[in-house]
Amino acid sequence: MPIGASVGKNGVNDLADVLVVQHLLNDWLGFTGQKLLPTTGECGTLTIAAIAGYQGKALAMPAPDGLISPGGKTWLALAAGQGTRPPLSGADWWNANQARYPNSAAVADLVQPFRDNVAAFLKALKDAGATVTISSTRRNATRAHLMHYSWRVANGSVAPNKVPALPGLAIRWDHGDLVRSKAAAQQMVKLFQIAFEPSLTSRHIEGRAIDMTIGWTGTLKIRDKAGKTREIGTPRAGDTNTDLHKLGAGYGLIKLLSDPPHWSDDGR
């Protein structure tokens, strides 16, 4: 329902128009966890302050004037629900928000005793001259959720309006059209560089897994957990060399064969 005249500071403030604005402002106030306005139809200091707050926070206006004019920027945004609904998924969402949910590649972020086991295995590898590149240790649970449902929406295994909400995560997967929704999810799949469906129960989330690429030249002479030197030859890659997998298991790192860089405390 449009307003017929201005509402707010020095506005006309007809009762019906003020009521419309108060109800719309309450949608924003409630969504952002702020105290709701009394819907009296009177435009007092609280309503004017709420208008100015909306202009500053939801619209990023440098100089909020506390006034809503019919057809103006503030009215169009408020009537469209800007700031009252989560932003839509897609490349724009990813670029604006994904950095808030970082993963870790630090061994220190793993849980004990896996952390010490990893450190010992890495020392043995490096002492033997192997090269080790760590790509991931602990995974942010929110990031795991985003990756999992980006993949599932993009591949049609879950409807965009059926993605479960996650507290504290503001994202809207349903674009009102299945083709657009799947395309937006696919943009996120590409940006996350996902090659297969990410798990919601990954040992990475619990700090019990590490992704690393291991390589060496010649014959790797490496100490096992008991301190005995073992010789490991070809293939010279941590993802395929079963002798290295057995040695790693002695340190408490079990290789997941289906995921080339992945080692965990139980092989999952």
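Above this text is the structure in question.
The structure displayed is predicted, hence computed values, not measured ones.

Student: So, the nonpolar core: which residues are in play, and what are the values?
Tutor: Counting 22 residues, the largest nonpolar core has F121, L125, M212, I214, L244 and L253 as the members making the most contacts within it. Contributions of two or more residues to this core are made by α5 (114-127), β4 (209-215), β5 (220-223) and α8 (242-251). Among the elements that line this core, the one with the most residues is α5, at six residues. Formed by 20 residues, the second largest nonpolar core is a distinct cluster that contains L37, Y54, W75 and L78.

Student: So, the environment of L25: which residues are in play, and what are the values?
Tutor: Position of L25 among the secondary structure elements: in helix α1 (residues 15-31). Separated by 59 residues in the primary sequence, L25 and T84 place their C-alpha atoms 8.9 Å from one another. In contact with L25, other than residues within four places in its own chain, are L37, T47, A50, I51, Y54 and L78.

Student: Break down helix α7 (residues 178-192) for me, with residues and values.
Tutor: With 15 residues, α7 extends 21 Å between its outermost C-alpha atoms, agreeing within 8% with the 21 Å of an ideal straight helix rising 1.5 Å per residue. Residues of α7 that are buried include every one of S181, A184, A185, M188, V189 and F192, and no others. For α7, the angular spread of buried residues about the axis comes to 150 degrees, placing them on one side. Structural note: α7 exposes V179 and K190 on the side pointing more than 90 degrees away from its buried face. Against the buried residues of α7 lie α4 (91-97) and α6 (141-154). N-capping of α7 is provided by D177, with a side-chain oxygen placed 3.0 Å from the backbone N of V179. The first or second residue beyond α7 is Q193, which carries a positive phi of 60 degrees.

Cut-offs used in this document
Residues numbered from 1 in each chain as written. Predicted model: local features only at pLDDT ≥ 70, side-chain atom pairs only at ≥ 80, totals over all residues. Heavy atoms only, no water. Core = buried A, V, L, I, M, F, W, Y, C linked by side-chain atoms within 4.5 Å. Buried < 20%, exposed > 50% of the residue type's maximum accessible area, 1.4 Å probe, protein only. Helix = DSSP H or I, 4+ residues; strand = E, 2+ residues; numbered from the N terminus. Contact = heavy atoms within 4.5 Å. Expected span 1.5 Å × (residues − 1). Arc of directions from axis to C-beta. Polar contact = N/O pair within 3.5 Å; in protein donor to acceptor, adjacent residues only side chain to side chain.

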